[in-house]
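This is what each chain is made of:
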Amino acid sequence: LSKSYDGEKVFENLTFKINKGDKIALIGTNGVGKTTLLQILMDEVEADSGTFKWGQTITHSYFPQNTTDLVVGDEELPQWIQGFDQKWHIDDIRKTLGRMLFSGEEQKKKIDACSGGEKHRVMLSKIMMDSSNFLVMDEPNNHLDLEAIVALGEALHNYQGGVICVSHDRELIDAFANRIIKLNEDGTIIDFEGGYEEFVEQHGAH
């Protein structure tokens, strides 16, 4: 895959294959195209050249970087989530919100009254309800306090599907990643099989 904006190369001939069970942390400095890559994978942005293909059995959920702009409405939290699929049982939605640290009382809040961090936790709860087998996540830890980041890290660690997640948060990456892909500023990548600790030992911190 290659992508440029206004003649500025973001990345060129980016190639990788994701295997079953891969939980990838996508890292690199700001501006190297991490969000752009995820947007291409989600068909929100078109690559200038190259192709990608999802496996036939893959269903994916997307946590975009602008989540706080997307989580809007005057419903209470469970009703907002149920709006995505009426078949989801409200009790299951409440349990999922509970796992994302919303107490029973807090679940009665209106979506528009939520802080940035709460909106992120609502979107994570919605993604849990999706039950897809691949997660595409762009800085889901933004606005989250340490307790919520730990909860997210454990959830991703225990998750049975694949993950590609942009994050700068070491706690989070440490908790779930078994593969690190670093986008470099010159458009090349380092594709490392292993956890973040080993990656840092070999390549230095990002």
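Up top is the structure.
So, a few notes on the structure that sits alongside this text. (Residues numbered from 1 in each chain as written. Predicted model: local features only at pLDDT ≥ 70, side-chain atom pairs only at ≥ 80, totals over all residues. Heavy atoms only, no water.)

**Let's talk about helix α4 (residues 90-99)**
Item 1. Along α4, the residues that are buried comprise Ile93, Thr96 and Leu97. Projected down its long axis, α4 shows its buried positions confined to an angular sector of 100°, all on one face. Structural note: α4 exposes Lys95 and Arg99 on the side pointing more than 90 degrees away from its buried face.
Item 2. On the buried face of α4, the contacting elements are α3 (77-82) and α5 (116-130).
Item 3. Positive phi shows up at Leu101, right after α4, with a value of about 75°. (Buried < 20%, exposed > 50% of the residue type's maximum accessible area, 1.4 Å probe, protein only. Helix = DSSP H or I, 4+ residues; strand = E, 2+ residues; numbered from the N terminus. Arc of directions from axis to C-beta. Contact = heavy atoms within 4.5 Å.)

**Some remarks on the nonpolar core**
Inside soluble globular proteins, nonpolar side chains tend to come together where they are buried.
Item 1. Core analysis: the largest hydrophobic core is formed by 39 residues, its most contacted members being Ile81, Val122, Leu156, Phe176 and Ile180.
Item 2. Apart from the residues lying within four places of it in its own chain, the contact partners of Phe176 are Lys23, Ile24, Ala25, Gly153, Leu156, His157, Val163 and Cys165.
Item 3. Counting residues in each nonpolar core, the second largest holds 21 residues, with Phe11, Leu38, Met42 and Tyr62 among its members. (Core = buried A, V, L, I, M, F, W, Y, C linked by side-chain atoms within 4.5 Å.)

**Looking at the pattern of salt bridges**
Item 1. Evaluated as defined, the whole model comprises 11 salt bridges.
Item 2. Across the salt bridge formed by Lys87 and Asp85, the nearest N and O atoms sit 3.8 Å from each other.
Item 3. Here Arg179 makes a salt bridge to Asp191, at a shortest N to O gap of 2.7 Å. Here Arg179 is found in strand β7 (residues 179-183), whereas its partner Asp191 is found in strand β8 (residues 189-193), with 12 residues between them in sequence.
Item 4. Relative accessible area serves as the criterion here: at 2%, Arg179 is assigned to the buried category.
Item 5. Accessibility expressed as a relative area gives 36% for Asp191, which makes it partly exposed. (Salt bridge = Lys/Arg side-chain N within 4 Å of Asp/Glu carboxyl O.)

**Points about the environment of Val136**
Item 1. Counting through the fold element by element, Val136 comes out in strand β5 (residues 134-138).
Item 2. Note on Val136: relative accessible area 0%, which makes it buried.
Item 3. For the pair Val136 and Tyr62, spaced 74 residues apart in sequence, the C-alpha separation works out to 4.8 Å.
Item 4. Those residues in contact with Val136, other than ones at most four positions away along the chain, are Leu38, Met42, Trp54, Ser61, Tyr62, Phe63 and Ile164.

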